[in-house]
Each structure stands twice: as C-alpha cells, then as structure tokens.
Amino acid sequence: MTDAANKAANASAEGLRVLFFGHDCTESTVIKRARSLMAQGIALTGFMFRREKLNRGFAPPWPNVELGVTADRSYARRLLALARALPVLARHRGRLRRADAIYARNIDMCLLALASRLIAGRRIPIVYEVLDVHRLFTAPGAAGAVLRWCERRMLARVDLLVVSSGGYVERYFRPVQRYLGPWFLLENKVRPGKDGLPAPDADRQPAPGGRWRIGWFGSLRCEESLALLASIARTLPDRVEIVLRGGWPLAVGRDGMERLLAAHPNMRHGGEYRNPDDLAALYGGVDFYWGLDFHEKGANSDWLLPNRLYEGGLFGAVAIAARGTETGRRVEAEGLGWAFEAPYDVSVARFLETLRVEDYRACRGTVLAVPRGRFVETDDAARLCALIGRMAAAGSAEPLGRKGWSEKTG
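The structure reproduced in this document is the subject of the present report. Source: prediction; values computed, not measured.

Some words on the overall build of the chain
Looking only at helices and strands, the chain features 16 helices and 13 strands. Scaling as 2.2 N^0.38, a compact globule of 410 residues should have a C-alpha radius of gyration of about 22 Å, and the chain matches this with 22 Å. Here the C-alpha coordinates of the chain stretch approximately 65 × 50 × 40 Å along the principal axes. For the chain, the proportion of its 410 residues judged to be buried stands at 54%.

In structure tokens, the structure reads:
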C-alpha cells in the first residue's frame, strides 16, 4: 500500500466508533484483532464475555463491557449467557445508538450484534468474522440443518463477512450457505509487538545432535495430531525430538499428557508462551512445525490456514502438512515445506529417516526468501478498517449493496 493509500485508509477509520463483540476478552486472537483495529485509529469499545481458562489476569486496554463468564463446549451455558447479556446491552442503549459499526467475532457474537441493532433502533453495519467453521454447522441431521438455517438468516443481515482462509468461502459459505455477499480475507498473520519482530536466525544449523526437531505450538486441541507425533517419536527415538508449547491438550488433560511424556523421552512440553514475544525463540529452536489438524476432519480442519503457518514461516521453520488441505496446498505451492499422504505418521517418519541436511537447507532457504509481508500483518487491518469506514458512511440510510466492498469480494 502506498503512503497516500495508507493515509486515506487511516483517515476513513480515524475516530470510528466500533463495538467489538467477542467471545473471550482474554483470548489471544481476540486481543490481537482488537489491537489491530485500534492501531488504525478506531475508537473501540468491547462487549465481551470472559472464559476463565488462560490469561486470567488480563485486563483489556480498551473500554470493555463485561457480558459474563462462559466455558468451552458448554453450549447450554453459553445460550443462557447470551440471554443474560441482553439486559446488559439494553442498559448501554445509548452507546449502541452512537456506534458507527459492530465487529462480531463468531456466530454467538453475531447474534448479539443483530440484537443490539434492534435495541439501538437503527441500522448499524455489522461485520461478521469467522475463524473456524464449527463441526456442528457441517454435521448431518436435524441439528446441523437448524444451525445452518440460523446462520444463513444472519448472513442475510450482515454487511461484510471476514474470513481467515479463502477455503471457508469456496467450500462452505458459497456452496453450503449460498452466501454471495461481500467478503474480506484477513489471514492469521503475525502482528508485531511494541518492540517489533526480530529477524530469523538464517545461520541456524538443522538437526542439532542428529535429531530433527518438530514443534507443535498453540492450541493443542487435536487428539489425533498428538497420537501421530507420539507414534513418530516412538518410531524414531534417536532421530526426532517433539517440542510442544501451549496449554495442556484438552483431550488428554495434564495427567494424561504427563503419562505420555514419561513414555516418550524424546517428547517434551514447555508450557504456555507469550505471543508474539516468544515466537522467535519457539520457531527458531525447531526445524519443522506441525501443520496438520484433524480436530474437525473433512471440514474446518481441511479449510483453515492456521496461525503456525505464518509464525513458522516468519522465523524460518519448515512446514509438515497434510496433502489435499488448504494448508497443504499453500505449503506446496509456495515451497514452505512438505505435504504428506496418510498414514501420516508412517509417511513423515520415513521422510525424516532419509532426509538429507542439504535438502532441508534448500527448503529453509526458500522459506527465508519469502517476503515478510506474506507472514506479517502490514496493510491488512488498514484495508479492512477502510471498508468499515465506507460502510459506516453508507450505513444507517438503507441496506448496503451485496458486492463491491473488497477486492476479495466474491
């Protein structure tokens, strides 16, 4: 983006009053998005729930209206929490009426955003951001059909859909939900901290001690990935080291994880980490990062582009991905690593057993040569905020047009 375009984008966003509806004010990606919007000059107010899981002591640096406490996978409690939030919204009717736009993170929050528009009594533009398509929305049967119908009704009333992967639009929103409206691609790129981001260590030697190091960092929610990594560790005890960082995997819990680590001396869990502060040390300390996900196999797991694709690429780690997924296609198309066929533990173990250091170095060189803007947030948030500014300018008079807001519009 040119300096003139940056100025124009900032001018259109400066001072916009945006209400951010978030499912968890302590969650790292919610914090990242809120800070990205505020960095563009948006006057952001949060209407957010809290989940007492990680980052419990976090106090949002933006004005925040607490909507209550919710929990993972507790859908009945979440519905009750949404109902309890309605009187809170009503008490803030004046703030709702003054809003230029609402940014809603996931379908729960989109429902509250639509309710807020009714409470305010005016047509406030709504941006609906989707980072994952939950398995319930792709499930067969009556429950899945009802949820898809509900989301379809919401999609007809929002003004912009924001997705982190084009696969969501191509494989779900267009063919399944028949959504033909405007959408914006906002990938899970790394947002620099206040001190910027260090450069990767281009001279790092691969396979220290003769062992290839594979890192799996972030939300360790995929039980199948954990089992595959354990299988690789067993197959190559002297050739592979598995490094895990993040919360304890929900599927096995802390006790189960400790038993797994005790049975596999070449696996270790280093606990939680700070994002983006610790990313350079994490990815700079491994040869590969685990880019496979089976948490919602055949649907969301096949369509997503995970945070680790950008974090790993930025700091020179090489991807291990599944062929045929959105991540695998990106990895193979851009030379960011290798993609494998099932059975993945067998394929990866055989590959690592025969991988030559010079071939690894060649691949890592390709990753290091990728422009940083492919992995780091640059003008992405500015372009999104410019669109929100245009929607706010068009906003309350009549329904917005069904196309044309973004160069990513379908």
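Read on, since the account is not over.
Side note on the sheet that holds strand β6 (residues 160-163)
The parallel open sheet is built from 7 strands, whose spatial order is β3-β2-β1-β4-β5-β6-β7. With one partner strand each, in any of the chains shown, β3 (64-70) and β7 (183-185) form the two edges of the open sheet. Averaged over all pairs of adjacent strands, the angle between their axes in this sheet comes to 20°, without regard to strand direction. Relative to strand β4 (residues 101-105), strand β1 (residues 17-22) is paired through 4 bridges, and the arrangement is parallel. Residue pairing in the sheet places Leu 19 in a bridge with Ile 102 of β4. Across the sheet, helix α5 (residues 107-120) is in contact with β1, β2 (43-51), β3, β4 and β5 (126-130); its angle to β4 comes to roughly 155°.

Focus on the nonpolar core
Of all hydrophobic cores here, the largest spans 60 residues; its most connected members are Ile 214, Leu 244, Met 267, Phe 288, Trp 290 and Leu 352. For this core, the leading source of residues is helix α8 (residues 223-235), giving 6 residues. Sequence-distant contacts of Leu 352, defined by excluding residues within four places in its chain, comprise Trp 212, Ile 214, Leu 236, Arg 239, Val 240 and Phe 288. Judged by nonpolar contacts, the second largest core, of 44 residues, contains Ile 102, Phe 137, Val 158 and Ala 299.

Description of the packing of aromatic side chains
By the definition in use, this model includes 15 aromatic pairs. Geometrically, the ring pair formed by Phe 20 and Tyr 103 is tilted, given 5.4 Å between the ring centres and 45° between the ring planes. Placement of Phe 20 in strand β1 and of Tyr 103 in strand β4 is noted, with a sequence separation of 83 residues between them. For the pair shown, Phe 20 and Tyr 103 are each scored as buried. With 5.0 Å between their ring centres and 85° between their planes, Phe 217 and Tyr 283 make a pair best called edge-to-face. Of this pair, Phe 217 sits in strand β8 (residues 212-217) while Tyr 283 sits in helix α10 (residues 279-284), and the two are 66 residues apart along the sequence. We classify Phe 217 as buried; its relative accessible area is 2%. Classification of Tyr 283 by relative accessible area gives buried; the value is 1%.

Notes on helix α16 (residues 380-394)
An α-helix turns once per 3.6 residues; consequently, residues spaced three or four apart project the same way. Here α16 spans 22 Å end to end across 15 residues, near enough to the 21 Å set by a 1.5 Å rise per residue. Of all 15 residues that make up α16, 11 are buried, and the element is covered over most of its length. Every buried residue of α16 is listed here: Asp 380, Ala 381, Ala 382, Arg 383, Leu 384, Cys 385, Ala 386, Leu 387, Ile 388, Gly 389 and Met 391.

Considering the pattern of salt bridges
Note on pairing: side chains with opposite charge can pair once their charged atoms come close. Inspection of the entire model under this criterion finds 30 salt bridges. Linking Arg 329 and Glu 326 is a salt bridge whose minimum nitrogen-to-oxygen distance equals 3.1 Å. Note that Arg 329 and Glu 326 are positioned in helix α13 (residues 326-334) at a spacing of 3 residues, about one turn of the helix. Judged by relative accessible area, Arg 329 falls into the partly exposed class, the value being 34%. Residue Glu 326 is classed as buried on the basis of its relative accessible area of 15%. Bridged by salt links that share partners, the residues Glu 187, Arg 330, Glu 334 and Arg 374 form one connected network.

Considerations on the sheet that holds strand β13 (residues 337-340)
Spatially, 6 strands are ordered β10-β9-β8-β11-β12-β13 in an open sheet, and the strand pairing comes out parallel. On the outer flanks of this sheet lie β10 (267-269) and β13, each paired with one strand and no other. The mean angle between the axes of side-by-side strands here comes to 25°, regardless of whether they run parallel or antiparallel. Sheet topology note: the strand β12 (residues 318-322)/β13 ladder contains 4 bridges and is parallel. By the bridge assignment for β13, Ala 322 is matched with Phe 340. Set on the sheet, α8 makes contact with β8, β9 (240-245), β10 and β11 (288-290); between it and β9 the angle comes to about 150°.

How each quantity is defined
Residues numbered from 1 in each chain as written. Predicted model: local features only at pLDDT ≥ 70, side-chain atom pairs only at ≥ 80, totals over all residues. Heavy atoms only, no water. Helix = DSSP H or I, 4+ residues; strand = E, 2+ residues; numbered from the N terminus. Rg over C-alpha atoms; globule rule 2.2 N^0.38 Å. Buried < 20%, exposed > 50% of the residue type's maximum accessible area, 1.4 Å probe, protein only. Pairing = 2+ DSSP bridges. Axes fitted to C-alpha atoms, helices over the stretch in contact; angles between N-to-C directions. Contact = heavy atoms within 4.5 Å. Core = buried A, V, L, I, M, F, W, Y, C linked by side-chain atoms within 4.5 Å. Phe/Tyr/Trp six-rings, centres within 6.5 Å; stacked < 30°, edge-to-face > 60°. Expected span 1.5 Å × (residues − 1). Salt bridge = Lys/Arg side-chain N within 4 Å of Asp/Glu carboxyl O.

The values reported here are purely geometric and, on their own, carry no functional implication.
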